[in-house]
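Survey of secondary and tertiary structure
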Amino acid sequence: MSEKKSTSTAAVKKESLPAFEQTTAIEIHDLVVKYGSKRAVDGLTFKVPTGAIFGFLGPNGSGKTTTIKTLLGFRQPDGGSARVFGYDVASQSLQVRAHVGFVSETNSLYDFLTIPQLCAFCRSISLEWNQRVVDRYIGLFGLPAREKVGNLSKGMKSQLALSLALGSNPDLLILDEPTAGLDPLARHEFLNTLVSEVAAEGKTIFFSSHILSEVEAVSDWVAIIRKGKLVLCDELDHLKQTQKVVKLTYTELPPATEIEMLNSLPGVMSLAQEGRSVRLVAHGDVDALTQTIQARPYALRGVETVDLNLEDLFLEYMKEKNDGR
Amino acid sequence: MVVKELIEARWKAIICGLLALILVVVSAATYDLLKPALSNTSSQQMPQFLQQQVQQLTSSYNLYVWGNWFSKNGTEILAVLAAVLGAGLIAGEVSKGTIFLLLGKPISRERTLLTKYAVSALILLAVAMLSSMALLVTAAIAGHPQQIGGVVISTLLLCLGELFVLGLALLFSVLFKDVLRPLLCALIITILTAIPGFIPNWSAWSLTGYWSSQAAYLGQEFPTKALIICLVVAVLPLILALTLFRRQAY
């Protein structure tokens, strides 16, 4: 069932959010979504704080779109629960959608309509509509205001889709791969507007992507999923503080027993050796880890601690050996 | 939403509407010209039961017009229009990816589906009414004025019958993700429901037989049974489509 009967026969009234729900925009608990016997989302649990720009990462087929579809009521969960501003996505889908603006992965709009006709259509199926906001974003993106949608480029359609999603004054904006297929300039414009305009209004933005550089540029929270399971969910700044690369250079080739010992140290996520150089990816108290290593009876020429970027982190967490961490 | 549906369906409606108008006008205007030719043909190489049918239908202007429009061309062209409209209602949105724009908004799936269905039903009704008006006008000009009551009742029956095709196409449109399969399924099932009409003593099982009541057109009886059957049969696929659409995952 997409919606409970009690809420499905008519449009709901958009209610102001209860105080409690003003701190958590999305709360997913042990969510399971299946396609036949395959678990596309497998016990997913995380929260999205209100006001965050939340990057939802994962490789293709990891369950990002399925999670988003479940949040919006396009699919029903097979287990667990998900709430958006306190509303259950399975039984209160209309209330959820009353507070959410959504831009889909395909950015599909009605090509046979003109922009004003499309605006009128969206207004007719929204509880609240602010045409001035839509016009403002259309102007900001420099879209031809009276053009037929079919004549717009892919980048323009993405910008129009975002403008329309903002027309209903949503508290939460869910974007599924919003910049997929856009050229770097269009991507930059899109993301720039997202941060400088939309997030500045205090709206929560939840967006999936596999373009790590764009997520790193705009997000303040990230979650990484793999094969439907949560691998990581943290504030990006905290993540960068606690996840580092430690580069060790030994004066002599370290023995295999020492390498094994290093790999087993608490906080070491992965290790790579190249001759006398060893590269550790570590999380947690990295200073304590380097002190432990320096106290070992093998002469070190140098110890260097380097920040990880999101791409390094992502690749690290995607490694098969770390499955289930 | 209604405007968007109308804009989306406009070319289908215009093309089928024009075709329907041409056919109905030709049917109503050519009786006097074609009657001698049809009478000669009927006496030549036709099977006996067909000869009887042709003779009956050409025996009077009213029967000729009813047989040509309400029993044949009107049923067929409106069935095609209903199938074309219904097949694209949901499957068209899914195949183009616009279903997410639609379902991402805070309106219920029932309202979405019923609005789409209602707009298509109105288009069918408009085409059927325009055709019937054209029939009345052309018949009057040709010197064979028709009973308005019979035309209205026959148009109503025809519309109810076509709502079955629309509902059927909508049902398959919910089930399939492309437009072609719902269209074909709806048309094939519609053709199958017409087959009993060609089998002696089976005509009561022909659904299309109820869409075109000769007695009602000629003002001989009020087609209560046909109306009830057409109404029930029109509603059934719609209810099924609603139930399925409510549960469908996208």
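Residues numbered from 1 in each chain as written. Chains lettered and ligands numbered in written order. Predicted model: local features only at pLDDT ≥ 70, side-chain atom pairs only at ≥ 80, totals over all residues.

**Topic: the overall build of chain A**
Let me state the cut-off plainly: Numbering of helices and strands runs from the N terminus, with a helix taken as a DSSP run of H or I at least four residues long and a strand as a DSSP run of E at least two residues long. We call a residue exposed when 12 or fewer other C-beta atoms sit within 10 Å of its C-beta, buried when the count reaches 20 or more, and partly exposed for counts in between; the C-beta positions come from the backbone. Working definition of a contact: two residues with C-beta atoms, positioned from the backbone, lying within 7 Å.
Secondary structure assignment for chain A yields 12 helices and 14 strands. Referenced to the eigenvectors of the C-alpha coordinate spread, the extents of chain A come out at roughly 75 × 40 × 40 Å. Taking all 325 residues of chain A together, the buried fraction comes to 42%. When contacts within chain A are restricted to residue pairs at least 6 apart in sequence, long-range pairs at least 24 apart make up 73% of them.

**Regarding the sheet that holds strand β3 (residues 53–57) of chain A**
By way of backbone hydrogen bonds, the strands of a sheet pair with one another, either parallel or antiparallel. Residues and elements named next belong to chain A. Which entries qualify depends on this criterion: For two strands to count as paired, DSSP must find a minimum of two bridges between them. Axis angles are defined between N-to-C directions and span 0 to 180 degrees, where every axis is a line fitted to C-alpha atoms and, for a helix, only to the segment in contact.
Strand order in this open sheet of six strands is β6-β7-β8-β3-β9-β10, and the pairing throughout is mixed. Looking along the sheet, the strands with just one partner apiece sit at the ends: β6 (100–103) and β10 (229–235). Sheet twist, expressed as the mean angle between neighbouring strand axes with direction ignored, is 15°. Sheet strands in contact with helix α2 (residues 64–71) are β3, β7 (172–176), β8 (204–209) and β9 (221–226), and its direction is about 145° off that of β7.

**Some words on the domain arrangement of chain A**
All names here are of chain A. Our working definition: The source of the domain bounds is an automatic or database domain assignment. Each residue receives one of three labels: charged for Asp, Glu, Lys and Arg, nonpolar for Ala, Val, Leu, Ile, Met, Phe, Trp, Tyr, Cys and Pro, and polar for the others, Gly being one of them.
Domains assigned within chain A are domain 1 (5–10 + 19–227) and domain 2 (239–322). Here domain 1 and domain 2 have C-alpha centroids that lie 38 Å from each other. At the level of elements, α8 (212–218) and β9 are the ones that each hand at least two residues to the side of domain 1 that touches domain 2. By residue class, the composition of the side of domain 1 that touches domain 2 is six nonpolar, no polar and two charged.

**Some details on the interface of chain A and chain B**
Every contact between the two is made by 31 residues of chain A and, on the other side, 23 residues of chain B. Taken together, the elements giving at least two residues each to the side of chain A that touches chain B come down to α3 (93–98) and α4 (115–124) of chain A. Looking at the side of chain A that touches chain B, the element that brings in the most residues is α4 of chain A, giving four residues. Its residues assigned to classes, the side of chain A that touches chain B shows 17 nonpolar, 10 polar and four charged.

**Notes on the packing of helix α8 (residues 148–175) of chain B against helix α9 (residues 180–194) of chain B**
All names here are of chain B. To be explicit about the condition: By the definition adopted for this analysis, an angle is roughly parallel if under 35 degrees, roughly antiparallel if over 145, roughly perpendicular if from 65 to 115, and oblique otherwise. Take the far helix as the reference: if the near one is turned anticlockwise from it by less than a right angle, the crossing is left-handed, and if turned clockwise, right-handed.
Packing of α8 against α9 leaves a shortest axis separation of 8 Å and a crossing angle of 140°. By the angle between their axes, α8 is oblique relative to α9. Handedness of the crossing formed by α8 with α9: right-handed. Along its contact with α8, which presents Val 165, Leu 168, Ala 169, Phe 172 and Ser 173, the element α9 presents Arg 181, Pro 182, Leu 183, Cys 185, Ala 186, Ile 189 and Thr 190. Across the contact of α8 with α9, the residue classes tally to nine nonpolar, two polar and one charged.

**So, unusual backbone geometry**
All names here are of chain A. Unusually for a residue other than glycine, Asn 107 sits at a positive phi of about 55°. The backbone phi angle of Asn 169 is positive, close to 50°, even though this residue is not glycine. Of note, Asn 169 is situated in the loop between α6 (154–167) and β7.

**Focus: the pairing of β8 of chain A**
All names here are of chain A. The criterion, for reference: Crossover handedness is defined by viewing with both strands directed away from the observer: a clockwise path from the first strand over the helix to the second marks the crossover as right-handed.
With six of its six residues buried, β8 lies for the most part within the structure. Because side chains alternate across β8, one face comprises the buried residues Thr 204, Phe 206 and Ser 208, and the other comprises Ile 205, Phe 207 and Ser 209, equally buried. Here β3 runs beside β8; their pairing, made up of five bridges, is parallel. Residue pairing for β8: Ile 53 is matched across the bridge by Ile 205. Between β7 and its parallel partner β8, the chain crosses via helix α7 (residues 184–198), and the hand of that crossover is right-handed.

**With respect to the confidence of the model for chain A**
Residue and element names in this part refer to chain A. Condition: Think of pLDDT as the predictor's per-residue confidence, scored from 0 to 100.
Looking at chain A, the pLDDT average stands at 86 and 91% of residues meet or exceed 70. Of the regions scoring below 50 in pLDDT, residues 1–11 engages in 32 contacts with residues more than four places distant in sequence or in other chains. Predicted confidence for residues 321–325 stays below pLDDT 50, and this span has three contacts to residues more than four positions away or in other chains.

**Points about the sheet that holds strand β5 (residues 87–88) of chain A**
Residue and element names in this part refer to chain A. The four strands lie next to each other as β2-β1-β4-β5, forming an open sheet whose pairing is antiparallel. Two strands bound the open sheet, and with one partner strand each, they are β2 (38–49) and β5. Across two bridges, strand β4 (residues 79–84) lies against β5 in antiparallel orientation. Its bridge partner lying in β5, Val 84 is registered against Tyr 87. Together, β1 (24–35), β2 and β4 form the strand contacts of α2, whose direction differs from that of β2 by roughly 65°.

**Things to note about the pairing of β6 of chain A**
Residues and elements named next belong to chain A. The side-chain alternation of β6 yields two buried faces, one formed by Val 100 and Phe 102 and the other by Gly 101 and Val 103. With four bridges connecting them, β6 and β7 associate as parallel partners. Bridging from a neighbouring strand, Val 103 pairs with Leu 175 of β7.

**Focus on the environment of Lys 47 of chain A**
Residues and elements named next belong to chain A. Within the secondary structure, Lys 47 is located in strand β2. Residues Lys 47 and Ile 68 lie 21 residues apart in sequence; the distance between their C-alpha atoms is 14 Å. When neighbours within four sequence positions are excluded, Lys 47 is seen to be in contact with Thr 24, Ile 26 and Glu 27.

**Some remarks on the packing of helix α7 (residues 109–141) of chain B against helix α12 (residues 224–247) of chain B**
All names here are of chain B. Two elements in contact, α7 and α12, have axes separated by 9 Å at closest approach and are oriented at 140°. Considering only the axes of α7 and α12, their crossing is right-handed. On the side of α7, the interface is formed by Arg 109, Glu 110, Leu 113 and Tyr 117, while α12 contributes Leu 238, Ala 241, Leu 242, Phe 245 and Arg 246. Taken together, the residues that form the contact of α7 with α12 break down as six nonpolar, no polar and three charged.

**Remarks on the nonpolar core**
Residue and element names in this part refer to chain A. Rules: Each nonpolar core comprises buried Ala, Val, Leu, Ile, Met, Phe, Trp, Tyr and Cys residues, the members being joined through C-beta atoms within 7 Å.
Counting residues in each nonpolar core, the largest one holds 88 residues, and the members touching the most others are Val 84, Ile 174, Ile 205, Phe 206 and Ile 224. Among the elements that make up this core, the one with the highest residue count is α6 (seven residues). Lining this core are residues from two domains, each supplying at least three of them: domain 1 (5–10 + 19–227) and domain 2 (239–322). Beyond its immediate sequence surroundings of up to four residues, Val 84 is in contact with Ala 25, Ile 26, Leu 71, Val 89, Val 96, His 99, Val 100 and Leu 172.

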